[in-house]
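Working through the structure, step by step
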Amino acid sequence: MTEQTDSESRKLLRRLKESLAEDSAGQARLDHITQIIAEEMRSEVCSIYLFRDAETLELCATKGLNPESVHQTRMRLGEGLVGRAARDGRVVNEADAPSAKGYRYMPETGEEVFSSFCGVPIQRLGDKLGVLVVQSREARAFSDDEIYALEVVAMVLAEMTELGAFVGEGEALQALHTNPMMFRGGIGQEGVAEGHVWLHEPRVVVTNPVADDPEAEQKRLHDAVDQLRVSVDDMLKSVGEDPVDKDHRDVLEAYRMFANSRSWMRRMEEDIAAGLSAEAAVEKEQSTARRRLGQASDAYLRERLQDLDDLSNRLLRILTGQGNDTGAEIPDDPILIARNIGPAELLDYGRGKLKGIVLEQGSVGSHAAIVARAWAIPLIVHAEGRVTSEALNGDHVMIDGDQGLVHLRPDDTVVSAFRDKIAMQAKAQERYTGLRDLPAEAKCGTRIALHMNAGLIAELPSLEGSGAEGVGLFRTELQFLARSKVPQRAELAGIYSRVLDAAGDKRVNFRTLDIGSDKVLPYMKREDEPNPALGWRAIRVGLDKKGVMRMQLQALIRASKGRPLMVMFPFIAQFEEFKAARQHLFDEIERERKLGHVLPDHVEVGAMLETPSLAFAPRQFFEMADFISIGGNDLKQFFFAADRENERVRKRYDTLNVSYLSFIEQIAKRCDETNTPVSFCGEDAGRPVEAMCFAAMGLRSLSMRPASIGPVKHLIRRVDLTEARAVIDEARECGEQSVRGRVMDWLRGLDPA
Ligand code: PEP
Ligand code: MG
């Protein structure tokens, strides 16, 4: 950048700052700003377009176009050159605008006499706020220096918009973060909740985008970056050389690389020289990185841009002194909103505190989802549209985990419809509570055993209230995921013992550690696998790295002294794996016996059937297994070759697909032949219609989240499973792909309960 534009942009920013300091507000301030920019840029027109809603831009102020068109001229995102600049988040610079592709003539503005057009997006950390436009009669392209100056100004306008500087009482412009908004996301956990926003990482607010003294700002930036470098070095030292910390170290190394990057520093120094404050300069570069992040498809590049984004946040917090603790009080009914969150941070909030969770990232099988499921609170993952930037702490929010919807600052109609839904669910819940002590016995007399899935001790109290007969699946990952190192045997034994205490005489099937795929232990070296779901996971890790599995088996044996012990091994794909794992358990029991420890009074060893191969294992496998649990989440993904984490393909295949139901039927038959108890513990067991169909196909035991027991029991008690089976058979014979249509028709024809 030349000295000349450097000082020009400073002068322009200084004038903007003065206008900010004046008493005028809202529209008057905006009008004044367009005038200043037009004068300083020596262009005949300067206009500011801001978003009315996510899709519509509105001309909010102009110097040079017809004043009558202000608040009248609107365009959709992508429409015309203004809409294009907003949509792409890129500058549009055209010397001969009327003949440019996509030009759209707005007759009411009188813009036809202006040839050249330069539109610069007004955006803040990836949020699109509007477009700053300059136009002139002379057909000329704006120079790089001029564009740079406009970008700097747009950055300041973005900060001012965010701070509500253009909002005046009774005026057409509305403050940001006040409109009702709706976001769609993926279903991480069903259920509905109403509450108030609690941001996991509150946004940093920059109140001083323009600075008078560039030298002082350069020094502030350098001091802050020094401090940042020291903190990254300290973090690196604390991670140490242990190979299990490799992932963490890689991220910190990337941080260090950015913190020492000359080009990053140079760009920020230039921004400061142009008149921005140190924090505005950091934000400007962060915005550019966010835009690239939104466009990058390469996974490695995305990760690095994410690192740069995190680092910029740290730098902003140093510069502004704003930490995670803003002094705001957590509301009584918090709904947590975050870009992403790890299990440990989530567990820190404590069970019973949060009403629901909304994540911009995360996935159905993520650790956060496991915790949310354990806490039985609704979770929305992959929320679209940057809900973290839009929501403010304390905003009213309603989330619908059944449909994956977030209503932020909902209007009255949404509120009343939503409350009706909550009331209906509460009523249904009352009805289910009435069924608690009744068996899940169908009209034909067949009884289905309903168990619950759990993963935390804190969930065990639900065992009594839910009416579950026992814990069909206790996932032991959470205790491993939520720690920074492998838990100790004594600690685990204590936890398992408390689980058994809480279950009393009810059965608990402990599943040994199931890690790998999406469940990554922070302290365990992660192999870069092309396809982790088909990779080194669960029992494969257990059998190869025997130390952890043996330690866990010892902890289970010690916890159950004198009591029955039920252990099941995850992801068994062939008989040999089951034999080997089972032998480890017996070896550990023998070892404990030799040590003189009290042994469990009775041991059952089960296998999880999660890969189609195991359904075709030799008869001897079924004879040897004391029980089998169908892990439908995994089984279904392998049966249809459709990733359970990939929303796009996951939903293509209905659980009530005839092939899948026939497969479940075959498994039930094989288990019957050897009298091997079989249960189904995937998420589908908790969906009433699916559960009823599984029962009709021959399964007599299901395990699900506690909240599903009531609805599943309610449906089972309403139906005759022989009739259900006849409906399914008919659909199969007719060559239908899924039995859902016929089953639903049949259910609708039943007497209301
Ligand atoms: C399953 O795969 O169905 C299962 C219960 O295990 P997880 O969801 O923990 O993989
Ligand atoms: Mg599984």
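Above this text sits the structure in question.
First things first, this report covers the structure right here in the doc.

Rules behind the numbers
- Residues numbered from 1 in each chain as written.
- Chains lettered and ligands numbered in written order.
- Predicted model: local features only at pLDDT ≥ 70, side-chain atom pairs only at ≥ 80, totals over all residues.
- Heavy atoms only, no water.
- Helix = DSSP H or I, 4+ residues; strand = E, 2+ residues; numbered from the N terminus.
- Buried < 20%, exposed > 50% of the residue type's maximum accessible area, 1.4 Å probe, protein only.
- Contact = heavy atoms within 4.5 Å.
- Near = heavy atom within 4 Å.
- Polar contact = N/O pair within 3.5 Å; in protein donor to acceptor, adjacent residues only side chain to side chain.
- Areas by Shrake-Rupley, 256 points an atom, 1.4 Å probe, with all protein chains shown as cover.
- Nonpolar A, V, L, I, M, F, W, Y, C, P; charged D, E, K, R; others polar.
- Donors = N, O, S within 2.8 Å, 3.2 Å for Na, K, Ca; no water.
- Phe/Tyr/Trp six-rings, centres within 6.5 Å; stacked < 30°, edge-to-face > 60°.
- Lys NZ or Arg CZ within 6 Å of the ring centre and 35° of its normal.

A look at the overall build of the protein chain
Tallying secondary structure elements over the protein chain gives 28 helices and 23 strands in all. Residues classed as buried in the protein chain amount to 54% of the 753 residues present. Looking at the protein chain alone, contacts between residues at least 24 apart form 67% of all its contacts between residues at least 6 apart.

Observations regarding the site of ligand 1
The local shell around ligand 1 holds 14 residues, among which Arg-475, Arg-511, Glu-610, Asn-633 and Arg-644 are the closest. Between ligand 1 and Arg-475, the relevant distance is 2.8 Å, taken from an oxygen atom to a side-chain nitrogen or oxygen of the residue. In the model, an oxygen atom of ligand 1 is placed 3.0 Å from a nitrogen or oxygen of the Asp-634 main chain. Across the complex, the protein chains shield 99% of the 280 Å² of accessible surface that ligand 1 would expose by itself. For the shell around ligand 1, the secondary-structure elements that each account for two or more residues are β17 (470-475) and α22 (632-639). Considering every element that reaches the shell around ligand 1, the biggest residue donor is α22, with 3 residues. The residue makeup of the shell around ligand 1, split by class, is 3 nonpolar, 4 polar and 7 charged.

Concerning the coordination of the magnesium ion (ligand 2)
Protein-derived coordination of the magnesium ion (ligand 2) comes from Glu-610 (OE) and Asp-634 (OD), at a distance range of 2.0 to 2.1 Å. Here Glu-610, found in the loop between β20 (602-609) and α20 (612-615), pairs with Asp-634, found in helix α22; they are 24 residues apart in sequence, far enough to count as distant. As far as the burial class goes, Glu-610 and Asp-634 line up, both buried.

What to know about the side chain of Glu-477
Counting through the fold element by element, Glu-477 comes out in helix α15 (residues 477-481). A relative accessible area of 1% places Glu-477 in the buried class. Side chain to side chain, Glu-477 and Arg-511 meet in a polar contact 2.9 Å long. Among the polar contacts made by the side chain of Glu-477, one reaches the main-chain amide nitrogen of Asp-514 at a distance of 3.2 Å.

Some points on the packing of aromatic side chains
Evaluation of the coordinates by the stated rule reveals 13 aromatic pairs. Note on Phe-639 and Tyr-660: the rings are 5.5 Å apart at their centroids and 55° apart in plane angle, and the pair reads as tilted. Placement of Phe-639 in helix α22 and of Tyr-660 in helix α24 (residues 658-673) is noted, with a sequence separation of 21 residues between them. Residue classification places Tyr-660 among the buried positions, given a relative accessible area of 0%. Each residue in the set Phe-616, Phe-639, Phe-640, Tyr-653, Tyr-660 and Phe-663 is aromatic and connected to the rest through ring pairs, giving one cluster. Here the guanidinium or amino end of Arg-507 rests over the ring plane of Phe-627, the centre of that ring lying 4.9 Å away. The cationic tip of Lys-579 hangs over the ring face of Phe-575; the distance from NZ or CZ to the ring centre is 4.5 Å.

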